[in-house]
Each structure stands twice: as structure tokens, then as C-alpha cells.
Protein chains: 2
Amino acid sequence: MDVSVKGEYALRAVFELSRHGRPEPVKIAKIAERQKIPQKFLEMILAQLKQGGYLGSRRGVDGGYFLARPPDQITVGDILRQIDGPFQPAKRPFADEPTDSPFPEMWDRVERALSCVIDRTTFADLVERWRQRRVKGIPNWQI
Amino acid sequence: MDVSVKGEYALRAVFELSRHGRPEPVKIAKIAERQKIPQKFLEMILAQLKQGGYLGSRRGVDGGYFLARPPDQITVGDILRQIDGPFQPAKRPFADEPTDSPFPEMWDRVERALSCVIDRTTFADLVERWRQRRVKGIPNWQI
DNA sequence: CCGAATCCCTAGTAAAATAGTAGGGATTCG
DNA sequence: CGAATCCCTACTATTTTACTAGGGATTCGG
């Protein structure tokens, strides 16, 4: 019931690109350095995100990766599913095969609950909240 | 983001015991047969659930496993955590180490959303819903 | 057209987790 | 005592995870 580090890396990478703003591409090396991700591993992750249609890229001297759509149109769920695959918490029986088990209905509820968070959180949201916290000076002491 | 089959087996086993009602113990072999679980594997799972305090057991000719508390006081979350470990979706930074990341807060939300389902669903609930569906004749056609 | 910088692609791999199996020992009870 | 059951330790095959290696294909300034 946890996310792979590959998934975490993917989220951090997309966050980095979202934070950066649109126009120019960001180099893999730069993302790897800022987010502390092994570079070669990151290469594979970014390729996977590109082929899912979330990123674009350009080669050559001023190359790099960039978001393929604005950050308010990419959700955490999109990225997680692209990297870690769809997450049904448990094997689903075929829909027309009546099952004598109380669990499928519960897994549905789990899935919906999860979806309410990850499919409604966009990277624009993440950036905005992160900026808010920055200006408030990160108040992490108590009273 | 999925549950291990070990976890599923554990849920099915506890469901079987809950369904059965309290007094006499149920044999491993019986549970294994009714829920289609490899017997030797199930032995390990039940031992783990016992040492977590959820089940009791008795050896000998009329031995078997039984619930250590009534089914309305055991939740799906209890069992899942006992078998698969605590599920933080992602590594948590230490609480007092201010992190410059927007994700921990989101993982908190994920965890709470999940908890709302699995920590509020007891095995008494599962049995009851399952019985309800039984009497209604499993209406799984549309209109 | 050269060559430097960058992304792109295939393959390999060590370590850990998963999903079991095997074999016998300890209890209980009639 | 002896049959039925749970109990305990160890082993193992397969898959997944988290990488690393090495070079090929593009782009672009000069």
C-alpha cells in the first residue's frame, strides 16, 4: 500500500517542471540535481512520462524537458498511474461473474476515496500551496 | 498502490471466522478449503494474526482458530496493517526537519482518505452487507 | 560540416520482496 | 497412547525494484 520511489521521483520531477514555469526546457541534469534523483534513473522516468503525453522534450545544446500541458491540467493521479500502473487495491473479479465476496465493494470505496485526493490534486495546486507556505516562513514550531 | 495477496488472504480468513459466529474454533484446513488459500501459507498468516492479538487458537483434535474479539471490534485496517505493515504512501521526513516539499501534506490527505474506509469498516459490517446481498438474490443485471 | 551538448535506447544486474513449500515438533484430548 | 491439530524454522523460485552502463541520434552554434 505504498508508492514506489520511482513514482515519487516522477512526482518530484513534474513538480520541478511546474514550478519552473513554461517556456524553456529544463535539462535532465538540472532536475536530477535539484530534486536529488539519480540521473540515469531519471532519464527513464522522464521518457515514460513523455510517452504518456505529459512531457515534451528537445535535444541538443539548449534541450531539456518541459510540460506538455499547463500544470493545472496534470494531476498527481495521472503521473502515478503512468509510472506505477493502475492501482486497483486488489484483483477484481470479472464484472459479470457474480462473486460471493464482500470485498470488491469495499475496494471500490477505497479506490474512490483515493481518487478524491490524487485525481483532484493538480500540480498547479501543489505549486500554489508550496508558495503559500514559503511566504509564511514555514511556521513549524508550536506556539 | 495495491494490497499483497497475503493481505487478501488474511482478510478472507478473518471474514470466514466472522461469518462463522463465535464459539467453536475453525480448523486451518477448513478455512483454506472454503476460501481457496494454500494451507501452509495460511498457517503463517494465521500465526501472524494471532500474535497481533486478533485471533486465538486451540490445538488438538477439536482445535482451530477463532476471533479474539467480536467482529465489530476488528477493522479491515487492523488486519491489513498487521500483515502488510503500516502504509505510509511515501517516506515521511522527520517531523521536526522542515521540508521544502509540497508532498508530505498531500500524503497525509491520502492517508486520511484511506483511513476513512479501512479503519471504519469492521468485519461485522462486511458480514452484514454480505448477508443483505445474499437475501436479495444478488441482483447483478441492470433494470 | 564539425563537434559539443543534450536527449534516446537497449541491456544488464544486485538486492529485496513476494508467494509460497518442506519437514517435523509440541499440545490436546478421548 | 495416539490421532488430530496447531506451531516453528528453514528453504526457494519468481518477480519487482532501483538502479548502472554504454553508446546512438539530434540539435545547433560556429
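A few points on the structure.

Reading guide: rules and limits
- Sequence order as written defines the numbering, with residues in each chain counted from 1.
- Chain labels run from A onward and ligand labels from 1 onward, assigned in the order the entries are written.
- Two thresholds apply to this predicted model, a pLDDT of at least 70 for residue-level local features and 80 or more for giving and counting side-chain atom pairs, whereas whole-chain, interface and lining totals are computed over all residues.
- The side-chain values count all of the structure's non-hydrogen atoms but skip hydrogen atoms and water molecules.
- A patch consists of residues whose relative accessible area exceeds 30% and which take part in no salt bridge; residues with like charges are grouped when within 9 Å of each other, and nonpolar side chains (Val, Leu, Ile, Met, Phe, Trp, Tyr) when within 5 Å.
- Only the protein chains shown count as cover for residues, with accessible areas throughout obtained via the Shrake-Rupley method and a probe of 1.4 Å.
- One speaks of a salt bridge when a side-chain nitrogen belonging to Lys or Arg is within 4 Å of a carboxyl oxygen belonging to Asp or Glu.
- Strands here are runs of E lasting at least two residues and helices are runs of H or I lasting at least four, both read from the DSSP assignment and numbered beginning at the N terminus.
- We define proximity as follows: a residue is near a molecule or strand when any one of its heavy atoms falls within 4 Å of that partner.
- Polar contact is the term for a pair of N or O atoms within 3.5 Å; when the atoms are in protein, one must be able to donate a hydrogen and the other to accept it, and sequence-neighboring residues count only if both atoms are side-chain atoms.
- For each residue, the accessible area found with a 1.4 Å probe, counting protein chains only, is set against the maximum for its type, and the residue is called buried under 20%, exposed over 50%, and partly exposed in between.
- This arc describes the spread of directions from the helix axis toward the C-beta atoms.
- Whether two residues are in contact is decided by their heavy atoms, any of which lying within 4.5 Å being enough.
- Pairing between strands is defined by DSSP: at least two bridges between them are needed.
- The fit set for superposing copies consists of C-alpha atoms from residues with pLDDT of at least 70 in both; the fit itself is least squares.
- Only the stretch in contact is used when fitting a helix axis, every axis being a line fitted to C-alpha atoms; angles between N-to-C directions are given from 0 to 180 degrees.
- Throughout this description, any angle smaller than 35 degrees is read as roughly parallel, any larger than 145 degrees as roughly antiparallel, any in the 65 to 115 degree range as roughly perpendicular, and the remainder as oblique.
- All amino acids are sorted into three groups, where Ala, Val, Leu, Ile, Met, Phe, Trp, Tyr, Cys and Pro are nonpolar, Asp, Glu, Lys and Arg are charged, and the leftover types, Gly among them, are polar.

1. Overview of a nonpolar patch on the surface
(1) Moving on: A cluster of nonpolar side chains, namely Val5(A), Phe41(A) and Met44(A), defines an oily patch on the protein surface of about 270 Å² accessible area.
(2) Moving on: One can find Val5(A) in helix 1 (residues 5-20).

2. What about the protein's contact with DNA strand C?
(1) Moving on: Taken together, 25 residues form the shell around DNA strand C, and within it Lys27(A), Ile28(A), Ser57(A), Tyr65(A) and Lys40(B) come nearest.
(2) Moving on: The sugar-phosphate share of atoms of DNA strand C within 4 Å of the protein amounts to 60%.
(3) Moving on: Tyr9(B) places a polar side-chain atom, nitrogen or oxygen, 3.1 Å from a phosphate oxygen of DNA strand C.
(4) Moving on: Of all the elements in the fold, those that place two or more residues in the surface near DNA strand C are helix 3 (39-51), strand 1 (55-58) and strand 2 (64-67) of chain A together with helix 1 (5-20) and helix 3 (39-51) of chain B.

3. Comments concerning helix 4 (residues 76-84) of chain A
(1) Moving on: Within helix 4 of chain A the residues assigned to the buried category are Val76(A), Gly77(A), Ile79(A), Leu80(A) and Ile83(A). Down the axis of helix 4 of chain A, the buried side of the element spans an arc of 165°, and every buried residue falls inside it.
(2) Moving on: As for helix 4 of chain A, its buried residues are in contact with helix 1, helix 3, helix 5 (103-118) and helix 6 (123-135) of chain A together with helix 5 (103-118) of chain B.
(3) Moving on: Gly85(A) sits one or two positions beyond helix 4 of chain A and adopts a positive phi of about 85°.

4. What to know about the pairing of strand 1 of chain A
Residue and element names in this part refer to chain A.
(1) Moving on: Bridge analysis of strand 1 against strand 2 gives four bridges, and the strand direction is antiparallel. Among the inter-strand pairings, Leu55 is bridged to a residue of strand 2, identified as Leu67.
(2) Moving on: Here strand 1 folds back onto strand 2, and the loop between the two strands holds five residues, one of which, Gly60, carries a positive phi near 85°.

5. Some points on the relation of the copies chain A and chain B
(1) Moving on: In screw terms, the move from chain A to chain B is a rotation of 180° and a rise of 0.0 Å along the axis, fitting with an RMSD of 0.0 Å. Taken together, the rotation angle and the small translation identify this as a two-fold axis. Closest to the rotation axis within chain A is the C-alpha of Met1(A), separated from it by 2.3 Å.
(2) Moving on: Here 100% of the interface residues in chain A have copies in chain B that are interface residues too; the copies meet face to matching face.

6. A word on the packing of helix 1 of chain B against helix 2 (residues 28-35) of chain B
Residues and elements named next belong to chain B.
(1) Moving on: Where helix 1 contacts helix 2, the axes come no closer than 10 Å and their chain directions differ by 110°. Taken together, the axes of helix 1 and helix 2 are roughly perpendicular relative to one another. Contacts between helix 1 and helix 2 involve Arg12, Ala13, Phe15, Glu16, Leu17 and Arg19 on the former and, on the latter, Ile31, Arg34 and Gln35.
(2) Moving on: Of the residues in the contact of helix 1 with helix 2, the class split is four nonpolar, one polar and four charged.

7. Description of the protein's contact with DNA strand D
(1) Moving on: Looking at DNA strand D, there are 25 residues lining it, with Lys40(A), Lys27(B), Ile28(B), Ser57(B) and Tyr65(B) nearest.
(2) Moving on: Take the atoms of DNA strand D that sit within 4 Å of the protein: sugar and phosphate atoms are 61% of them.
(3) Moving on: A distance of 2.8 Å is found between a phosphate oxygen of DNA strand D and a side-chain nitrogen or oxygen belonging to Lys50(B).
(4) Moving on: In the environment of DNA strand D, a phosphate oxygen lies 3.4 Å from a nitrogen or oxygen atom belonging to the backbone of Val61(B).
(5) Moving on: Where the surface near DNA strand D is concerned, the elements lending two or more residues are helix 1 and helix 3 of chain A together with helix 3, strand 1 (55-58) and strand 2 (64-67) of chain B.
(6) Moving on: Considering each element in turn, the surface near DNA strand D owes the most residues, four residues, to helix 3 of chain B.
(7) Moving on: In terms of residue class, the surface near DNA strand D is made up of eleven nonpolar, five polar and nine charged.

8. Quick notes on the side chain of Thr121(A)
All names here are of chain A.
(1) Moving on: One can find Thr121 in the loop between helix 5 and helix 6.
(2) Moving on: Judged by its relative accessible area of 4%, Thr121 falls in the buried class.
(3) Moving on: Reaching out from Thr121, the side chain makes a polar contact with the backbone oxygen of Val117 at a distance of 2.7 Å.

9. Overview of the pattern of salt bridges
Residue and element names in this part refer to chain A.
(1) Moving on: Inspection of every chain in the model, using the stated rule, returns 14 salt bridges over all chains.
(2) Moving on: For Arg19, the salt bridge is made with Glu16, and the minimal N-O distance between the two is 3.0 Å. Here Arg19 and its partner Glu16 are both found in helix 1, three residues apart, which amounts to about one turn of the helix.
(3) Moving on: Given a relative accessible area of 5%, Glu16 falls into the buried group.
(4) Moving on: Residue Asp119 is joined to Arg81 by a salt bridge in which the shortest nitrogen-to-oxygen separation is 2.2 Å. Pair noted here: Asp119 is in the loop between helix 5 and helix 6 and Arg81 is in helix 4, with a separation of 38 residues, a long-range link.
(5) Moving on: With a relative accessible area of 28%, Asp119 lands in the partly exposed category.

Read these as layout, nothing more, since geometry by itself doesn't imply function.
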